[in-house]
Amino acid sequence: MKKALLILVAILCLGTFAKAQELQCDVRVNSSQVSGSDRTIYQNLQTALYEFINNTKFTEINFRQSEKIECSILIDITSRESNFFAGEINIALRRPVYKTNYNSPLFNYVDRKFSFEYMDGQSIDFSPSTYISDLSSTIGFYIYLMLGLDFDSFSYMGGTPFFAICDQITQSAPQDDAHPGWSSTGRQNRYVLINEINNDTYKALREFLYEYHRQGLDMMSEKTEEGRQDILNALGKLQTVYERNSMSYFLQLIVESKRDEIIQVFSQGDMKIRTEASKIMKAIDPSQSSRYDQMLQNSGK
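It should be emphasised that the depicted structure is a prediction, and the values quoted were computed from it without experimental measurement.

S.K.: Would you mind going over the overall build of the chain in detail, with residue names and values included?
M.R.: For the chain, the helix and strand inventory stands at nine helices and four strands. Reading the chain from its N terminus to its C terminus gives the helix and strand order α-β-α-β-β-β-α-α-α-α-α-α-α. Taking 301 residues into account, the globule formula puts the C-alpha radius of gyration at 19 Å, and the chain, at 20 Å, falls close to it. Dimensions along the principal axes, computed over C-alpha positions, put the chain at roughly 60 × 40 × 35 Å. Just so you have it, the chain exposes about 13600 Å², and 46% of that area is on carbon and sulfur atoms.

Below you can see the structure in the form of structure tokens.
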């Protein structure tokens, strides 16, 4: 598979225009909640972000067109005061499943602690080691986060160098009450997320990403029941972390991103496996317990 072959990564560097760029990202800026008749600045912001994300080379790895990482970034602007904007940023990352036309939802996340300054026509300048603006640092953070998650799903711990860049971005950003997305005192923000990802205490969550996708989903087109069993084994990684820290933010985001797919995977197959999967998911996602009953409704294979 693509990332298994590419995973011997040299240290990342930020380049310029390149034909082997990594991302195929749909970028949208929605300003429907903001009053005012002049929408030009929002369109210009969308264009600037699209060009930055899709035309910048973020690694030294050469991607074929078919290997580009599919994702989307939606920015909902909720308020504006002169050149200062506040809103939400919605990140959706997809991963192709081997020998299928199916794209698995790898990460879906809404960051509600997003505010930034932007002047019409401004270029998006970014450096992982230097804080330039909240806009470029936040976008850069999520680009490297998506790279890390994608590589983790194709190769064991393959996302490590990308997560190191995320940490670098976080450490460079201002960590104070005026920038809650980066604050070390928060409970659900970028700082907390990347600290959990890089913490060995939560290593099982990264192991889950590899086992669930590479050993499970990718196996199912040829060996369906073996793949389903491997996915069940991977769910045990989630349970391990839940028993260690039920409030883990990274765990919460993984469960929210994979919940519907897990229900779909275990709505068929051996009832013993499905029952065990339902038991695990009800234990780690108790508020959605009734939804996991769907996995047991079909009595046949």
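S.K.: Describe the packing of aromatic side chains, and please don't skip the residues or the numbers.
M.R.: Taken as a whole and assessed by the stated rule, the structure comprises 16 aromatic pairs. Measuring from ring centre to ring centre gives 5.7 Å for F141 and W182, while their planes differ by 85°; the resulting arrangement is edge-to-face. Of this pair, F141 sits in helix α3 (residues 134-154) while W182 sits in the loop between α4 (160-172) and α5 (190-197); the two residues are 41 residues apart in sequence, bridging distant segments of the chain. Given the relative accessible area of 0%, F141 is considered buried.

S.K.: Would you mind going over the pairing of strand β1 (residues 23-30) in detail, with residue names and values included?
M.R.: Side-chain positions along a regular strand alternate between the two faces of the sheet. Residues of β1 alternate between two faces, with L23, C25, V27 and V29 buried on one and Q24, D26, R28 and N30 left unburied on the opposite face. As judged from the eight bridges shared by β1 and strand β2 (residues 69-81), these two strands associate in the parallel manner. Its bridge partner lying in β2, C25 is registered against C71. Note on the crossover from β1 through helix α2 (residues 40-55) to β2: the handedness is left-handed.

S.K.: Which residues make up the sheet that holds strand β3 (residues 84-96), and what values go with them?
M.R.: The strand order across the open sheet formed by four strands is β1-β2-β3-β4, and the pairing between neighbours is mixed. A strand with exactly one partner marks an edge of an open sheet, and here the two such strands are β1 and β4 (103-117). The mean angle between the axes of side-by-side strands here comes to 15°, regardless of whether they run parallel or antiparallel. Strand contacts of α2: β1, β2, β3 and β4, with the helix running at about 165° to β1, the strand carrying the most contacts. Sheet strands in contact with α3 are β1, β2, β3 and β4, and its direction is about 165° off that of β4.

S.K.: So what's going on with the packing of α5 against helix α8 (residues 249-265)? Which residues, and what values?
M.R.: Where α5 meets α8, the axes come as close as 8 Å, and the angle between the chain directions of the two elements is 95°. Compared by their axis directions, α5 and α8 come out roughly perpendicular. Between α5 and α8, the contacting residues are V192, L193, E196 and I197 on the first element and Y249, F250, L251 and L253 on the second. Its residues placed into classes, the contact of α5 with α8 shows seven nonpolar, no polar and one charged.

S.K.: Quick one: what's the story with the side chain of T170, residue by residue and with numbers?
M.R.: When you line up the elements, T170 lands in helix α4. For T170, a relative accessible area of 0% gives the class buried. Other than its neighbours up to four places away in sequence, T170 contacts F141, Q175, W182, Y191 and I194.

Rules and cut-offs
Residues numbered from 1 in each chain as written. Predicted model: local features only at pLDDT ≥ 70, side-chain atom pairs only at ≥ 80, totals over all residues. Heavy atoms only, no water. Helix = DSSP H or I, 4+ residues; strand = E, 2+ residues; numbered from the N terminus. Rg over C-alpha atoms; globule rule 2.2 N^0.38 Å. Areas by Shrake-Rupley, 256 points an atom, 1.4 Å probe, with all protein chains shown as cover. Phe/Tyr/Trp six-rings, centres within 6.5 Å; stacked < 30°, edge-to-face > 60°. Buried < 20%, exposed > 50% of the residue type's maximum accessible area, 1.4 Å probe, protein only. Pairing = 2+ DSSP bridges. Right-handed = clockwise from strand over helix to strand, strands pointing away. Axes fitted to C-alpha atoms, helices over the stretch in contact; angles between N-to-C directions. Contact = heavy atoms within 4.5 Å. Parallel < 35°, antiparallel > 145°, perpendicular 65-115°, else oblique. Nonpolar A, V, L, I, M, F, W, Y, C, P; charged D, E, K, R; others polar.

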